[in-house]
Amino acid sequence: MTVADLTAALVAIDSVNPALVPGGAGEREIAAFLTRWAEDNGLDAQVFERTPGRPSVVITARGTGGGRTLLLCGHTDTVGVDDMDVPHDPRRDGDRLHGRGACDMKGGLAAALIAAREAGNSGLAGDVVVACVADEEHASLGMQEVLEHVRADAAVVTEPTREEIIVAHKGFVWAEIVVEGTAAHGSRPERGVDAIVHAGAVLTALGALDAELVAREPHPVLGRGSVHAGTITGGIEASSYPGRCTITVERRTLPGESEATFAAELEAVIAQAARVQPGLRASFTTGLVREAFAIATDHELVRLTQDHATRELGAAPPLTGAPYWTDAAFIAAAGIPALLFGPTGEGEHAVEEWVSVASVEAVTRTLTALATSFCR
């Protein structure tokens, strides 16, 4: 089975994340397919399914012993398929392979699997491990579970990076700010305190924080951090003073910034708002946190990946950063140096999604060469 064939076979399997789309198929069928594929190709397969119906598969090309282990990672779940005519009917149009998940990220996963098979057949001392993980599009249940069982000396996440090497990406922190007022009838202003109006001072202070982030020294490949209000809710009717207003906020973080960084910033935001809005009563709680990720550009893994990609692509791929979050952050937090490198395509989370077959093939050859050199 070629990498194009494998990509098409993976696209043909409905693996919509049920945490995003109620009733979504989940990863059970694709995990069963990958297990059979591994067995048919002489590779070991282990299934991890702590959350029922959400299995991840770890496929290993075993070495002879004594060498380093390279971990290749890809997720098996996809987002929903609303407005797509035939989302799981892989369609080839020239170099483009269309279908849900083709770009994000079944093409990159297929490249990792074929690379592991080919490198494993070359008599390596070390292991090449492919983590085919569930739930990346929601809470990364699969990656977190797999990392409890897998150890490696380096890792490559094969997200669709357009043949660029991603050496850093942003993290994020979500928070909820609650502004308290006093509910009252609209005809009794002496009794009411308008929580929505008071929230305006908080929003202005949030805007000032974002402007401050613009003015800070940018990260070399990620640029600036950012903060924005995501939702605002409050009040029950036009004829009443609202007793509460809730603002959800997202902070996109850079390497070195954390939940504690944002908590201190929010304390300052509320203090600034209180100075211009007498009687302001506001508090916040932080919610979901995902750390930023970075690897030194002179790390051996970066150098080797760039060298092999240069030979394959005919030009050195740039070392860049990504504004989005990926499982690479969990891998790095587990003490495994990691980067992202994957094929070209378009349409992640969109109605029309495709991956370049030629690019998937080039990424496969690059990963095979990387694994062969790293795992000796």
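Keep in mind that this is a model prediction, so the values were computed, not measured. Sequence order as written defines the numbering, with residues in each chain counted from 1. The predicted origin of the model limits local features to residues at a pLDDT of at least 70 and limits the giving and counting of side-chain atom pairs to 80 or more, whereas totals for whole chains, interfaces and linings rest on all residues. Each side-chain value is derived from all of the structure's non-hydrogen atoms; neither hydrogens nor water enter the calculation.

(A) Representation of the packing of helix H5 (residues 195-215) against helix H6 (residues 259-276) in the model. Between N-to-C directions, angles span 0 to 180 degrees; the directions come from axes that are lines fitted to C-alpha atoms, helices contributing only their stretch in contact. Working definition: helices are DSSP H or I runs of at least four residues, strands are E runs of at least two. Numbering for both runs from the N terminus. Interaxial distance between H5 and H6 falls to 8 Å at its minimum, and their mutual angle equals 130°. Relative to H6, the element H5 is oriented oblique. For the pair H5 and H6, the crossing hand works out as right-handed. Contact with H5, carried on its side by Ala-201, Val-202, Ala-205, Leu-206, Ala-208, Leu-209 and Leu-213, involves Glu-265, Leu-266, Val-269, Gln-272, Ala-273 and Val-276 of H6 and no other residues of that element. Class assignment for the residues of the contact of H5 with H6 results in 11 nonpolar, 1 polar and 1 charged. Just so you know how the angles are binned, under 35 degrees is roughly parallel, over 145 roughly antiparallel, 65 to 115 roughly perpendicular, and the rest oblique. For any pair of crossing helices, the crossing counts as left-handed if the nearer helix is rotated counterclockwise from the farther one by less than a right angle, and right-handed if it is rotated clockwise. In this analysis, two residues are considered to be in contact whenever any of their non-hydrogen atoms come within 4.5 Å of each other. Throughout this entry, Asp, Glu, Lys and Arg are counted as charged residues, while Ala, Val, Leu, Ile, Met, Phe, Trp, Tyr, Cys and Pro are counted as nonpolar. The remaining residues, Gly among them, count as polar.

(B) The UniProt feature "domain: Peptidase M20 dimerisation" (unreviewed entry) in the chain, seen in detail. UniProt positions are given in the numbering used here, feature names are shortened, and annotations may be inferred rather than shown by experiment. The UniProt entry lists residues 167-274 under the feature "domain: Peptidase M20 dimerisation" (unreviewed entry), expressed in the numbering used here. Helix makes up 34% of residues 167-274 and strand 33%. Its end C-alpha atoms lie 40 Å apart.

(C) Layout of empty space enclosed by the protein. Put simply, the grid is 1 Å and covers the protein atoms alone, a cavity is a trapped set of points that fit a 1.4 Å probe, a pocket is an open set with protein on both sides within 12 Å along at least five of seven lines, and lining residues have an atom within 4 Å of a point. Grid points are joined across faces, edges and corners, and a volume is the space filled by probe spheres set on the points. Counted under the stated rule, the structure contains 2 cavities of 30 Å³ or more. The volume enclosed by the largest cavity comes to roughly 50 Å³. Around the largest cavity sit Cys-73, Gly-74, His-75, Met-105, Val-133, Glu-136, Met-143, Val-157, Glu-159 and Asp-327, which together line it. Split by residue class, the lining of the largest cavity holds 5 nonpolar, 2 polar and 3 charged. Taken as a whole, the second largest cavity encloses approximately 30 Å³ of empty space. Contributing to the lining of the second largest cavity are Thr-78, Val-79, Arg-100, Gly-101, Asp-104, Glu-137, Glu-348, His-349 and Glu-353. Here the residues of the lining of the second largest cavity are counted per class, giving 1 nonpolar, 3 polar and 5 charged.

(D) Layout of the sheet that holds strand E18 (residues 345-346). Strands sit in the order E4-E5-E19-E18 across an open sheet of 4 strands; the sheet is antiparallel. With partners counted over all chains shown, the strands left at the sheet margins are strand E4 (91-93) and E18, one partner each. When DSSP finds two or more bridges between a pair of strands, those strands are recorded as paired. Two strands pair when backbone bridges link them, and E18 and strand E19 (residues 354-356) are joined in this way by 2 bridges, in the antiparallel orientation. Across the sheet, Gly-345 pairs through a bridge with Val-355, a residue of E19. Along the sheet, helix H3 (residues 102-120) makes contact with strand E5 (96-98), E18 and E19, crossing E19 at roughly 40°.

(E) Region of interest: the packing of aromatic side chains. Ring pairs shown here join Phe, Tyr and Trp side chains whose ring centres sit within 6.5 Å, with only the six-membered ring taken for Trp; geometry is labelled stacked below 30 degrees between planes, edge-to-face above 60, and tilted in between. Tallying each qualifying case throughout the model produces 2 aromatic pairs. Centroid distance Trp-325 to Phe-330: 5.3 Å. Interplanar angle 85°. Geometry classified as edge-to-face. Considered together, Trp-325 and Phe-330 belong to a single accessibility category, that of buried residues. In this scheme, Lys NZ or Arg CZ marks a charge over a ring once it lies within 6 Å of the ring centre and within 35 degrees of the ring normal. Stacked on the ring of Phe-374, the Lys or Arg Arg-68 has its end atom at 3.8 Å from the ring centre. Over the aromatic face of Trp-325 sits the side chain of Arg-290, whose NZ or CZ is 5.5 Å from the ring centroid. When accessible area is computed with a 1.4 Å probe and restricted to protein chains, residues below 20% of their type maximum are described as buried, those above 50% as exposed, and intermediate ones as partly exposed.

(F) Region of interest: the side chain of Asp-210. Its place among the elements puts Asp-210 in helix H5. Excluding anything up to four places from it in sequence, Asp-210 contacts Arg-224, Ser-226 and Val-227.

(G) Highlighting the pattern of salt bridges. Salt bridge, as used here, is a side-chain nitrogen of Lys or Arg placed within 4 Å of a carboxyl oxygen of Asp or Glu. Using the criterion set out here, one finds 23 salt bridges in the structure. Linking Arg-216 and Glu-265 is a salt bridge whose minimum nitrogen-to-oxygen distance equals 3.3 Å. One end of the pair, Arg-216, is in the loop between H5 and strand E11 (226-234); the other, Glu-265, is in helix H6, with 49 residues separating them in the sequence. On the basis of relative accessible area, Arg-216 is assigned to the partly exposed category, the value being 30%. Relative accessible area serves as the criterion here: at 9%, Glu-265 is assigned to the buried category. Through salt bridges with shared partners, a single network forms among Glu-212, Arg-216, Arg-251, Glu-257 and Glu-265.

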